[in-house]
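Now for the letters of each chain:
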Amino acid sequence: QVQLVESGGGLVQPGGSLRLSCAASGSIFSINAMGWYRQVPGKQRELVATITSGGSTNYADSVKGRFTISGDNASNTGNMQMNSLEPEDSAVYYCYAKKLADIRTYWGQGTQVTVSS
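As a starting point, this report considers the structure included with it.

1. Let's talk about the overall build of the chain
Point 1. Tallying secondary structure elements over the chain gives zero helices and 11 strands in all.
Point 2. When its helices and strands are written in sequence order, the chain yields β-β-β-β-β-β-β-β-β-β-β.
Point 3. The C-alpha radius of gyration computed for the chain amounts to 14 Å, which stays within 12% of the reference 13 Å derived for 117 residues, consistent with globular compactness.
Point 4. Over its C-alpha atoms, taken along the principal directions, the chain stretches across nearly 45 × 25 × 25 Å.
Point 5. Of all 117 residues assigned to the chain, the portion counted as buried reaches 42%.

Here is the structure:
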């Protein structure tokens, strides 16, 4: 099992920045991808960003150029820097992780991001 604990959500004004972190613990060997989804009420969960164990990254078109995902192997933590935030970025953000040869997706508890003046 993999446990994921998120931190860093909150309320920010449009144009502001937030940094989300996701700390992984437990059976973390062979994690080959981590990232974030986000969800607003009444809509499907949306993939925001992914980073692989090899350092490759992928972003939703809506956040390209504004969000940056990174990984810290020493602390088993994934981070996502979110800049130039817009009201449309308001959502609950969920960290996820995938392991090699494991069909399960591991999820964090979710953290609320609200962008509002």
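2. Considerations on the sheet that holds strand 8 (residues 77–82)
Point 1. In spatial order, the strands read 1-3-8-7; together these four strands make up an open sheet with antiparallel pairing. Across the chains shown, the open sheet's two edge strands, defined by having one partner strand only, are strand 1 (2–7) and strand 7 (67–72). Strand-to-strand twist of the sheet, defined as the mean angle between neighbouring strand axes without regard to direction, takes the value 15 degrees.
Point 2. In this sheet, strand 8 lies alongside strand 7 in antiparallel orientation, the contact comprising six bridges. From the neighbouring strand, I69 faces strand 8, where its bridge partner is M80.

3. Let's talk about the state of the cysteines
Point 1. Taken as a whole, this structure holds one disulfide when the rule is applied.
Point 2. The partner cysteine of C22 in its disulfide is C95, sulfur to sulfur 1.9 Å. Torsion about the S-S bond of the C22 and C95 cystine: about -80 degrees, corresponding to left-handed handedness. Taken together, the residues C22 in strand 3 (residues 18–26) and C95 in strand 9 (residues 91–99) connect sequence positions 73 residues apart. Summarising the burial analysis for this pair, C22 and C95 share the class buried.

4. Here's the deal with the side chain of R38
Point 1. In this structure, R38 sits in strand 4 (residues 31–39).
Point 2. In this structure the side chain of R38 is engaged in a polar contact, spanning 3.3 Å, whose partner is the side chain of S62.
Point 3. At a separation of 2.9 Å, a polar atom in the side chain of R38 contacts the side chain of Y93.
Point 4. Sequence-distant contacts of R38, that is, excluding residues within four places in its chain, are made with Q44, R45, E46, V48, S62, V63, F67, E88, D89, A91, V92 and Y93.

Rules and cut-offs
Residues numbered from 1 in each chain as written. Predicted model: local features only at pLDDT ≥ 70, side-chain atom pairs only at ≥ 80, totals over all residues. Heavy atoms only, no water. Helix = DSSP H or I, 4+ residues; strand = E, 2+ residues; numbered from the N terminus. Rg over C-alpha atoms; globule rule 2.2 N^0.38 Å. Buried < 20%, exposed > 50% of the residue type's maximum accessible area, 1.4 Å probe, protein only. Pairing = 2+ DSSP bridges. Axes fitted to C-alpha atoms, helices over the stretch in contact; angles between N-to-C directions. Disulfide = S-S within 2.5 Å. Polar contact = N/O pair within 3.5 Å; in protein donor to acceptor, adjacent residues only side chain to side chain. Contact = heavy atoms within 4.5 Å.

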